[in-house]
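# Secondary and tertiary structure notes
The primary structure of each chain is shown beneath.
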Amino acid sequence: MKRRLARELAVSSLYQLEMNEVTASEAIDMLMDELRQENEIGANPSEVGSTDEFVRELVFGVVERKQAIDGMLQQFLTGWQVDRLSRVDRQVLRVACYEMVFRDDVPPKAAINEAIELAKHFGTEESGKFVNGVLGKLLSELDELKS
C-alpha cells in the first residue's frame, strides 16, 4: 500500500506542479499536509509518514530527468506528442518510465501494472489501455534505453 499511495501522491504532485506555479517541494508538501489532515483515502497515518520519502524520490527523479523521460516516451507515442497527452496520462507515463528506466528496485512489469491502475484511477478506462500500450512498447526496448 505504501508504494501505491506514494505513486498516487507523486502523480498528483506532478499534476499540481504542471498546473500551478509551485516548486516540486511545495506541491508535495501541500498534498502530504492535506493527506495528514483530511485523509479522505483512508490511509493509515503511519503509512503517510513513511510514504513521504518515496514520493519525493519519484517526483524529484521525474523532474530532474523530465527531458530524457519525455524523449523516451516520444519514441513510443505513435501519432501523439508528449505535450498533447492528457495531463493525467502524461504524469502517469512519466512516473512509470522513471521507475522502469532509472530505478533498479521496481520490476518493470510491476511499474506497468501500477501505471495502468493509476491511469484508470485518475483518468478513464481508455487511459489504462493507452498507458499499457505505450509502456509495453517501452518494455520491449528497455535494455537499450538503460544502456
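Structural data are supplied above this passage.
This report concerns the structure included in the present document. A quick note: this is a predicted structure, and the numbers were derived from the prediction, not measured.

Attention shifts here to the overall build of the chain. When helices and strands are counted, the chain shows eight helices and zero strands. Each principal axis of the C-alpha distribution contributes one length, and for the chain these read about 40 × 30 × 30 Å. Each of the 147 residues in the chain was classed as buried or not, and the buried ones make up 45%. Long-range contacts, defined as pairs at least 24 residues apart, comprise 71% of the intrachain contacts of the chain with a sequence gap of at least 6.

On to helix α7 (residues 125–140), then. Counted at 1.5 Å a residue, the expected span for α7 with its 16 residues is 22 Å, and the 23 Å between its end C-alpha atoms agrees. Those residues of α7 that fall on the buried side of the exposure criterion are S127, G128, V131, V134, L135 and L138. For α7, the buried positions fall inside an angular range of 140° around the axis, keeping them on one side. Of the residues in α7, the exposed ones pointing more than 90 degrees away from the buried face are E126, K129 and S140.

The next point concerns the nonpolar core. Counting residues in hydrophobic clusters, the biggest one holds 45 residues, and the most contacted among them are L73, V92, L135 and L138. When residues no more than four places from it in sequence are discounted, the contact partners of L73 are V82, L93, R94, C97, V134 and L138.

Tallied over the full model, the rule gives 16 salt bridges. We note a salt bridge from E126 to K129, for which the minimum N-O separation is 3.6 Å. Placement of the pair is E126 and K129 together in helix α7, with a separation of three residues, close to one helical turn. With respect to class, E126 is no different from K129; both count as exposed. A single network of salt bridges, built from pairs that share partners, joins E18, D70, R87, R90 and R94.

About the thresholds
- Residues numbered from 1 in each chain as written.
- Predicted model: local features only at pLDDT ≥ 70, side-chain atom pairs only at ≥ 80, totals over all residues.
- Heavy atoms only, no water.
- Helix = DSSP H or I, 4+ residues; strand = E, 2+ residues; numbered from the N terminus.
- Buried < 20%, exposed > 50% of the residue type's maximum accessible area, 1.4 Å probe, protein only.
- Contact = heavy atoms within 4.5 Å.
- Expected span 1.5 Å × (residues − 1).
- Arc of directions from axis to C-beta.
- Core = buried A, V, L, I, M, F, W, Y, C linked by side-chain atoms within 4.5 Å.
- Salt bridge = Lys/Arg side-chain N within 4 Å of Asp/Glu carboxyl O.

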